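Commentary on secondary and tertiary structure
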Amino acid sequence: MSPLALFEWIVAFRFMREGLTQTVLIVFGVALGGGVIIFMSALLAGMQANIIRRTLNYQAPIQILAPEQVARPLREGGGAAVAAQVQPRSQQLRSVDQWQKIRTEVERMPDVIGVTPVVTGPGFARRGEATKAVSVIGIEPESYFGVIALPEKIVAGRYDVGPIDVVIGTELAKDLGTAVGDKLVLATANAAASTLTVIGLFDFGNKGVNERNVYVALRTAQNLLDLAGGATSLDVKVRDPFAAETIAGTIRAGHDLQVDSWIRTNAQFFTAMAAQILANTLIRIFVGITVALGIASVLVVSVVQKSKEIGILRAMGAGRGQVLRVFLIQGGFMGLTGALFGSALAWGFLLLWRGVARNPDGTPLFIVVIEPTLFALACVGATLVGILAAAVPATRAARLDPVVAIRG
Amino acid sequence: MADAGSVETLRLTGVRKSYGVGTPVAAEVLHGIDLTLLQGEFTALIGPSGSGKTTLLNLIGLLDQPDAGELVIAGQRASALAEAEITRLRGRAIGFIFQYHYLLPAFTTLENVMMPILAARGRADTPMRETAAALLDRVGLTPWRDHKASDISGGQQQRVAIARALAMSPTLVLADEPSGNLDTQNADAVFDLMRSVNETVGTTFLIVTHDPRLAQRCDRIVELVDGRIVSDRPNAHVVRRG
């Protein structure tokens, strides 16, 4: 049987219908408050997701590197340092020791989705008179694409680099005046150089990356950088990007390696994000309090207006608990209905935002995901806020002395 | 005349009630009331204004607690009951008819009659609706069952209030000047209705009235003056109508 047949629900809804103007106004107020919270949360979540996605587009969540080389001071018998000043060592390009073994180990870890060896080093891309400094990235295509979604970013040509192929960014292509099918020379400081065919162009949506990154086959990079059989890093993809630091810690614990998580390398971004979350939380709290106060004040007035009816109900045998629930139901209903309308409102605003907030080229500024759980959470939250707000007026109503209430 | 049985519906022993205790205007309103009502009695409670009639009715109706003395309703000692039990006893055993009808304006007449049953059982159902409809029929208001309580006349409203008072088949109905703001014709109709319920169902009635004409139509007349019962006599010459 429907709860609408219950005494408390029947009385609560009749009371709200009787004070329809008040009910509509407060529901509208809750709708606005709820709408703002949902809209802001969705926007913030969208923005964060967008920045995270863009970052993780070209950066693996975890990078395993060879340990940093440190200067070891000369020692005499007593162990006292002879050198007065120890200069930090310059870091050579080195391979991760026994990377195949480490790769297998890390691949077995439960939260790891993919591991791929990468050889990265400095180089020059030359075409005719033009020379640009680039970052040569040697990849093993089959495993690399499981970590970095390069294929999705290809705007022209192919991505499956062979020994004499190269994939470059749109910016570099513009600077060198190359197109798919053209040749360019990739040279390194070791005086090694290869002539490679441009088979594809990528666009990560980041000018620096589009200008600098140059993807070649692992073997090609090993030759160019004089690291035969080596890998300068292992790029690791994990299931939950936010667990990257924890997983990195686990890997670090077992090996003498430098393990960087994207959380550590993008510390500034995370600080900004934390500040944003804090600001958003504060706004949510204050809007929530405002909504609660609105509901409470409407119900306080309602209790005064309805005190005679409450007295009659009590004389007719209604218990204090029943009267209490009559008002709690009203509070909860106002919260829930307000949140439902607020959800509709926020939905509309988000669709509008999608339409309006666009890059100059017409693509969306960032994708705002309309997440059903957010709406569900808002509705549950608003219902609870409504019930809490109703607690004080409901208690007052339940405590009314029937004799006094009836006499007015 | 209904046969008053020997079963006690209500017994008051030495009931006292003061107002404003602890303030300079403290005053005892009821000074030791002893009163017993038997099942099926139709009793008038008369007395001048301020004699404590309504206070006594509120105590009997369990809407208020006495300062001293004992109150037994339907075999239960009120002082031994907790708040929730008192509410339950009130809903089950006592029906109220006030001077002003005190119907719930937001509800239909049928819903108003249902309300005590709904409050007691917590959930609306068809038998409840049928009981209310039958009571409304009894007071002659079937055509108005779906009207809002605020949309019918004063006499009709008081009849709805009577139907509502009977909803839980109470053993005792307390009426506080039920015809106080009605014209003679409507007052008589309301009185007839109560009398007929008393005669057919055997419900005990205690009726506060200012109207000697109506008091003369009760089986027993209790007179309260300054918080004391000054006379309690059977009415040998019950005026019967029609």
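Residues numbered from 1 in each chain as written. Chains lettered and ligands numbered in written order. Predicted model: local features only at pLDDT ≥ 70, side-chain atom pairs only at ≥ 80, totals over all residues.

**What to know about the overall build of chain A**
- Helix and strand counts for chain A come out as 15 helices and ten strands.
- For a compact globule of 408 residues, the expected C-alpha radius of gyration is about 22 Å, and chain A comes in at 32 Å, more than 25% above that figure.
- Overall, the C-alpha framework of chain A stretches about 105 × 65 × 40 Å when taken along its three principal axes.
- The buried share of chain A, reckoned over its 408 residues, is 40%.
- Sequence separation of at least 24 residues holds for 79% of the intrachain contacts in chain A that already meet a minimum separation of 6. (Helix = DSSP H or I, 4+ residues; strand = E, 2+ residues; numbered from the N terminus. Rg over C-alpha atoms; globule rule 2.2 N^0.38 Å. Buried ≥ 20, exposed ≤ 12 C-beta atoms within 10 Å, placed from the backbone. Contact = placed C-beta atoms within 7 Å.)

**A closer look at the overall build of chain B**
- Scanning chain B for helices and strands turns up seven helices and ten strands.
- For chain B, whose C-alpha radius of gyration is 18 Å, the value lies close to the compact-globule estimate of 18 Å for 242 residues.
- For chain B, the spread of C-alpha atoms along the principal axes amounts to about 50 × 40 × 40 Å.
- Residues classed as buried in chain B amount to 46% of the 242 residues present.
- A fraction of 71% describes how many contacts in chain B between residues 6 or more apart in sequence connect residues 24 or more apart.

**As for the packing of helix 2 (residues 20-58) of chain A against helix 13 (residues 320-356) of chain A**
All names here are of chain A.
- Viewed as axis vectors pointing N to C, helix 2 and helix 13 meet at an angle of 45 degrees, and their least axial separation amounts to 6 Å. By the criterion of interaxial angle, the relationship of helix 2 to helix 13 is oblique. Classified by chirality, the crossing of helix 13 by helix 2 is right-handed.
- For the contact of helix 2 with helix 13, the per-class residue count stands at 15 nonpolar, ten polar and no charged. (Axes fitted to C-alpha atoms, helices over the stretch in contact; angles between N-to-C directions. Parallel < 35°, antiparallel > 145°, perpendicular 65-115°, else oblique. Left-handed = near helix turned anticlockwise from the far one by under 90°. Nonpolar A, V, L, I, M, F, W, Y, C, P; charged D, E, K, R; others polar.)

**Details of the pairing of strand 8 (residues 213-217) of chain A**
Residue and element names in this part refer to chain A.
- Taking burial as the measure, the five residues of strand 8 include five buried ones, the bulk of the element.
- When strand 5 (residues 165-169) meets strand 8, the two strands line up antiparallel, connected through three bridges. Bridging across to strand 8, Val167 finds its partner in Tyr215. (Pairing = 2+ DSSP bridges.)

**So, the sheet that holds strand 6 (residues 94-97) of chain B**
Residues and elements named next belong to chain B.
- Reading across the sheet, the six strands line up as 6-7-8-3-9-10 and stay open at both edges, with mixed pairing between neighbours. Each end of this open sheet is capped by a strand with a single partner; those strands are strand 6 and strand 10 (228-234). Each adjacent strand pair in this sheet contributes to an overall mean axis angle of 15 degrees, direction not counted.
- As judged from the six bridges shared by strand 9 (residues 220-225) and strand 10, these two strands associate in the antiparallel manner. Bridging from a neighbouring strand, Val222 pairs with Asp232 of strand 10.
- The strands touched by helix 5 (residues 154-165) are strand 6 and strand 7 (172-176); relative to strand 6, the strand with the most contacts, the crossing angle is about 170 degrees.

**Digging into the sheet that holds strand 1 (residues 8-19) of chain B**
Residue and element names in this part refer to chain B.
- Strands sit in the order 2-1-4-5 across an open sheet of four strands; the sheet is antiparallel. In this open sheet, the two edge strands, each paired with only one partner strand, are strand 2 (27-38) and strand 5 (76-77).
- By the bridge criterion, two bridges tie strand 4 (residues 68-73) to strand 5 in an arrangement that is antiparallel. Note on strand 5: the bridge partner recorded for Ile73 is Gln76.

**Focus: the interface of chain B and chain A**
- Contact with chain B, which involves 20 residues of that partner, is made by 21 residues of chain A.
- In terms of residue count, the dominant contributor to the side of chain B that touches chain A is helix 3 (residues 109-121) of chain B (five residues).
- Classifying every residue of the side of chain B that touches chain A gives 13 nonpolar, four polar and three charged.

**Let's talk about the environment of Glu129 of chain A**
- Residue placement: Glu129 of chain A occurs in the loop between strand 2 (112-127) and strand 3 (130-139).
- It is 81 Å that separates the C-alpha atoms of Glu129 of chain A and Val300 of chain A, two residues lying 171 residues apart in sequence.

**Thoughts on the domain arrangement of chain A**
- When cut into domains, chain A gives domain 1 (3-55 + 270-407) and domain 2 (99-256).
- Computed from C-alpha coordinates alone, the two centres of domain 1 of chain A and domain 2 of chain A are separated by 51 Å. (Domains from an automatic or database assignment.)

**What to know about helix 4 (residues 126-138) of chain B**
All names here are of chain B.
- Between the first and last C-alpha of helix 4 there are 18 Å, a value that for 13 residues agrees with the 18 Å anticipated at 1.5 Å per step.
- Along helix 4, the residues that are buried comprise Ala132, Leu135 and Leu136. One side of helix 4 carries all its buried residues, which in axial view fall inside an arc of 100 degrees. Away from its buried face, by an angle of more than 90 degrees, helix 4 presents the exposed residues Thr126, Pro127, Glu130 and Ala134.
- Tucked inside the fold, the buried residues of helix 4 contact helix 3 and helix 5.
- Remark: Gly140 follows helix 4 within two positions and exhibits a positive phi of approximately 75 degrees. (Expected span 1.5 Å × (residues − 1). Arc of directions from axis to C-beta.)

**Observations concerning unusual backbone geometry**
Residues and elements named next belong to chain B.
- Notably, Ser169 is not glycine yet its phi reads approximately 50 degrees, a positive angle.
- Following the sequence through the fold, Ser169 ends up in the loop between helix 5 and strand 7.
- Ser169 gets classed as partly exposed once you count the C-beta atoms within 10 Å, which come to 13.
- Even without glycine at this site, Asp226 takes up a positive phi of about 50 degrees.
- Along the chain, the position of Asp226 falls in the loop between strand 9 and strand 10.
- Its 13 C-beta neighbours within 10 Å are what place Asp226 among the partly exposed residues.

**Notes on the nonpolar core**
- Within the largest apolar cluster, 123 residues are counted, with the highest numbers of intra-cluster contacts made by Val30, Ile295, Phe327 and Ala397 of chain A together with Val113, Ile162 and Leu174 of chain B.
- Beyond its immediate stretch of four places on either side in the chain, Val30 of chain A contacts Val291, Gly294, Ile295, Met334, Gly335, Gly338, Ala339, Gly342 and Ala382 of chain A.
- Within the second largest apolar cluster, 56 residues are counted, among which are Tyr58, Val119, Ala125 and Val216 of chain A. (Core = buried A, V, L, I, M, F, W, Y, C linked by C-beta atoms within 7 Å.)

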